[in-house]
Amino acid sequence: QGVTKPFTEVIKANIGDAHAMGQQPITFLRQVTALCLCPELMKDSSLPSDAKERAQRFLAACGGQSVGAYSASPGIPLVRENVARYIERRDGVPAKPDDIFLSTGASDAIVNILKLLVSGSGSSRTGVLIPIPQYPLYSAALAELEAVQLNYYLAEERCWALDVAELRRALAEGRRRCVPRVLCIINPGNPTGQVQSRECIEEVIKFAYEEKLFLMADEVYQDNVYAEGSAFHSFKKVLMEMGPPYADSVELASFHSISKGFHGECGLRGGYVEVVNLHPEVKAELSKLVSVRLCPPVPGQVVLDTIMDPPKPGEPSYERFQAEKEAVLSSLAEKARMTEEMFNRTPGIHCNPVQGAMYSFPRIDLPPRALAAAKEKKQTPDMFFCMRLLEETGICVVPGSGFGQREGTFHFR
């Protein structure tokens, strides 16, 4: 309305949307997508031959050789095969295309798996353990499905570590009012940015085995690991390497997406879920469930396929692809280091090391007068802080209350 502000633009630090914040698309991904959408570009001599070969192979797998055709409901077989090969390279253990269902981003797959698992009514209703702080997709999906949300708290004082004793507490509390059936893990963490150790993952798998819980591993930030000494370990790899009785009986669904990593293609909506140890009849029900929405977006499948099977050494696009990928990841690592350092230099703000993902979740100490002013405005104290920050600086962040936090603590992402 023309009121002068002390800033000229809003800095949107509230959402993990890399391209909206100026990250450049990876050239090879866009070239392949453009060629698939507009095949007459095959005549363009400025486009590299490996991008053209990739697009031709993809179009041959589409109905009528067009990305405008529906694909099979679980996704194009060619792409599912490339996802399986990617998982095998990553984990060193076999993966089957038949266990992979492509999706409209990871979110779509997460909601479908929850739909599959939620049943009962009253005290027999499905309970789902989710981390606090959590990515709000989980609480929203559970509310929509009328499942019972069971909170387990990550240990902020130990860099947001997951503690099995806390899982046991949440499970025991949940059993008094529902039937806990599902345990959700976000690794690397959103909004907390921690990366779980292999030992922690083994403990979680043993816990799931003992308590007969279905594991959901949200691993969409697996390419985003920055801290020295931190490494991404997939739940599938650890589960298989643990051997029987775990490897052949713990039910697992793991999720990945084209929206994060180094590619950040949020708007093209591509992702997948891999299911492990799912009973054939249950898998048949999942197939029915995904067929309801016909198919995932085919352009998203193009990008997923290209990420799963990137240019190889010696191919025309390899060096540029690698340089762009490394530039994005090193820039994110530098931002993670800088964010932690700057927050910890600021009075009243405490920030854990940002080991991975794309977020920090600093704790803020608010003085009594700020708490009183928030109460007067009928706002949570961290919402009050975030609104003041936006009004005075143009920096938009999300209050910790949107993700969940321990009583009496205040944060923002």
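Heads up: the structure comes first, above all this text.
The structure displayed is predicted, hence computed values, not measured ones.

Draft legend 1. Focus on the pattern of salt bridges. Counted according to the given criterion, the structure contains 25 salt bridges. Linking R175 and E211 is a salt bridge whose minimum nitrogen-to-oxygen distance equals 3.0 Å. You can see R175 sitting in the loop between α6 (164-174) and β5 (179-186) and its partner E211 sitting in helix α7 (residues 198-211), a full 36 residues away along the chain. Classification of R175 by relative accessible area gives partly exposed; the value is 43%. Between E334 and R337 there is a salt bridge whose closest N-O contact spans 2.6 Å.

Draft legend 2. Looking closely at the state of the cysteines. The tally for this structure, following the rule as stated, stands at zero disulfides. Of the cysteine sulfurs around C386, a residue in no disulfide, the closest is that of C396, at 8.1 Å.

Draft legend 3. Geometry of the side chain of K260. Tracing the chain through its elements places K260 in the loop between β7 (252-257) and β8 (271-276). D17 provides the closest opposite charge to the buried, salt-bridge-free K260, at an N-O distance of 6.9 Å.

Draft legend 4. Broad picture of the sheet that holds β5. The mixed open sheet is built from seven strands, whose spatial order is β2-β8-β7-β6-β5-β3-β4. Looking along the sheet, the strands with just one partner apiece sit at the ends: β2 (100-103) and β4 (148-153). Within this sheet the neighbouring strands show an average axis-to-axis angle of 25°, counted without direction. As judged from the four bridges shared by β2 and β8, these two strands associate in the antiparallel manner.

Parameters and conventions
- Residues numbered from 1 in each chain as written.
- Predicted model: local features only at pLDDT ≥ 70, side-chain atom pairs only at ≥ 80, totals over all residues.
- Heavy atoms only, no water.
- Salt bridge = Lys/Arg side-chain N within 4 Å of Asp/Glu carboxyl O.
- Helix = DSSP H or I, 4+ residues; strand = E, 2+ residues; numbered from the N terminus.
- Buried < 20%, exposed > 50% of the residue type's maximum accessible area, 1.4 Å probe, protein only.
- Disulfide = S-S within 2.5 Å.
- Lys, Arg positive; Asp, Glu negative; His and termini not counted.
- Pairing = 2+ DSSP bridges.
- Axes fitted to C-alpha atoms, helices over the stretch in contact; angles between N-to-C directions.

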